Amino acid sequence: MKVLSVNAGSSSLKFQLYEMPEEKVLISGLMERIGIGNSFYTIKINGKKIKKEKELDNHATAFKVLVDELKENKVVDSLDDIKAIGNRVAQGGDYFDKSVVIDDDVLDKINELSCFAPLHNPAAVVAIKAAKQVFPNALQTAVFDTAFHKTMPKENYLYALPYSWYTDYKVRRYGAHGTSHKYVAQRANELLGRNDTKLITCHIGNGASISAVLNGKCINTSMGLTPNAGLIMGTRCGDIDASIIPYMMEKTGMSAKDIDKAINKESGLLAISRKSSDSRDIEDGIAQGDENCILAQKMYVRRITDYIAKYYVEMQGCDAIVFTAGIGEKSIDTRRDVLNELKVLGVKLDNEANNVKGEERLISAPDSSIKCYVIPTDEELMIARDTYELAK
């Protein structure tokens, strides 16, 4: 059975077509910098990787390009050969604790939950609708990033707010990137050779989160009610003093929508660097001595180390720290800066081993108190597995 996994992120779209249950990848690709200019994408097929530059104004455009590539590369005889499409959805709220087949009611709920994931759920809805038009006979599923975090204890997912906000309006910590955290946690346990582990998994991309995973189950995570919590990200501010919001509304006359746009699309690395939301541009700026980029990186690294230290204390130790996602897998400098800040915990970096991009590798020194890994995430495989189980 051919299963297409679609992962629409805030500024990216990853896809892989699998032959299931063999889990054989027929074609894969990544579209980057969607909606932020200078966009491009890469396609990998038959062992060859091809990069193409193309302006991708939005996710609808990116999905159309994906369809064109499937046709041009003759991966299938007919689009009807694709029997099922799995879609990564950031926020499932209290509605979903597992992957489900998409019908009109599910799509309505995903759209409703866009208030909790304003950059991701709308992108997923666009991709799902586009896929339905192109592949009308394919079963479509939703695989929710929030599902892995359902094991958090109440003391970690509740906020110290009026309790009716939780009971009546579902205000609580949901987390995100759960599909990725689950995959790399499982892989780390395979590398460690046991399941009774204390892991800190760092999904560091344009959107970023860190999770504490005890014995294979998530007990805490940095994202909250929405993805705009925890770490500093590409365009998101992460943790802030909540009183800043009414203060700025009073001082400037900004509306709630204005504030939402500012904290989700105009903050983070973009705001501090005054240059770009892309860490690659930040690193280029640092190399040129740009003080704003240097400051952005310092703030970025500090927030990451704060959360790692917090979860180290919460779990009373740590067996492994895992870096994954775009920056976690490919930014040698960011991993170095983060791990050097953790020397007080006995972490020791092997600089030679750390000189790697996008490859699984142990990057800590032999005498490091905590093993540190780069593990490329594979959310698409996790999506394909769940989708295949629902479709077969």
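For the structure, check the block above.
So, here's what we can say about the structure. (Residues numbered from 1 in each chain as written. Predicted model: local features only at pLDDT ≥ 70, side-chain atom pairs only at ≥ 80, totals over all residues. Heavy atoms only, no water.)

**Topic: the overall build of the protein**
At step 1: Of the regular secondary structure elements, the protein holds 14 helices and 14 strands.
At step 2: Against the globule reference of 21 Å for 392 residues, the protein gives a C-alpha radius of gyration of 20 Å, in line with a compact fold.
At step 3: The burial tally for the protein puts 53% of its 392 residues in the buried class.
At step 4: Taking contacts inside the protein between residues at least 6 apart in sequence as the whole, the part at least 24 apart equals 62%.
At step 5: For the protein, the exposed area adds up to about 17,800 Å²; of that, 48% sits on carbon and sulfur atoms.
At step 6: Once the 51 positive and 54 negative side-chain charges of the protein are each reduced to a mean point, those two points are 1 Å apart. (Helix = DSSP H or I, 4+ residues; strand = E, 2+ residues; numbered from the N terminus. Rg over C-alpha atoms; globule rule 2.2 N^0.38 Å. Buried < 20%, exposed > 50% of the residue type's maximum accessible area, 1.4 Å probe, protein only. Contact = heavy atoms within 4.5 Å. Areas by Shrake-Rupley, 256 points an atom, 1.4 Å probe, with all protein chains shown as cover. Lys, Arg positive; Asp, Glu negative; His and termini not counted. Charge placed at Lys NZ, Arg CZ, Asp CG, Glu CD.)

**Concerning the pattern of salt bridges**
At step 1: The full count for this structure, using the stated rule, is 22 salt bridges.
At step 2: As a salt-bridge pair, glutamate 19 and lysine 2 come within 3.1 Å of each other at their nearest N and O atoms. Separated by 17 residues along the polypeptide, glutamate 19 in strand E2 (residues 12–19) and lysine 2 in strand E1 (residues 2–8) bring together distant segments of the chain.
At step 3: The salt bridge involving aspartate 367 is made with lysine 348; its shortest N-O contact spans 3.0 Å. Placement of aspartate 367 in the loop between strand E13 (361–362) and strand E14 (371–374) and of lysine 348 in the loop between helix H13 (332–340) and E13 is noted, with a sequence separation of 19 residues between them.
At step 4: Lysine 348 sits in the partly exposed class, given a relative accessible area of 41%.
At step 5: Overlapping salt bridges bring together Glu32, Arg33, Asp278, Arg280 and Asp281 as one network. (Salt bridge = Lys/Arg side-chain N within 4 Å of Asp/Glu carboxyl O.)

**Concerning the packing of aromatic side chains**
At step 1: Under the defined criterion, the tally for this structure stands at six aromatic pairs.
At step 2: Ring centres 5.6 Å apart and planes at 65 degrees place the aromatic pair tyrosine 163 and tyrosine 166 in the edge-to-face group. Of the two residues, tyrosine 163 and tyrosine 166 both sit in helix H5 (residues 163–169), three residues apart, roughly one turn of that helix.
At step 3: Given the relative accessible area of 44%, tyrosine 163 is considered partly exposed.
At step 4: Here the aromatic residues Tyr95, Phe96 and Phe144 are joined through ring pairs into a cluster of three or more.
At step 5: Directly above the ring of phenylalanine 40 sits lysine 51, whose terminal nitrogen or CZ lies 4.5 Å from the centroid.
At step 6: Lying over the aromatic face of tyrosine 95, lysine 109 brings its terminal NZ or CZ to 5.1 Å of the ring centre. (Phe/Tyr/Trp six-rings, centres within 6.5 Å; stacked < 30°, edge-to-face > 60°. Lys NZ or Arg CZ within 6 Å of the ring centre and 35° of its normal.)

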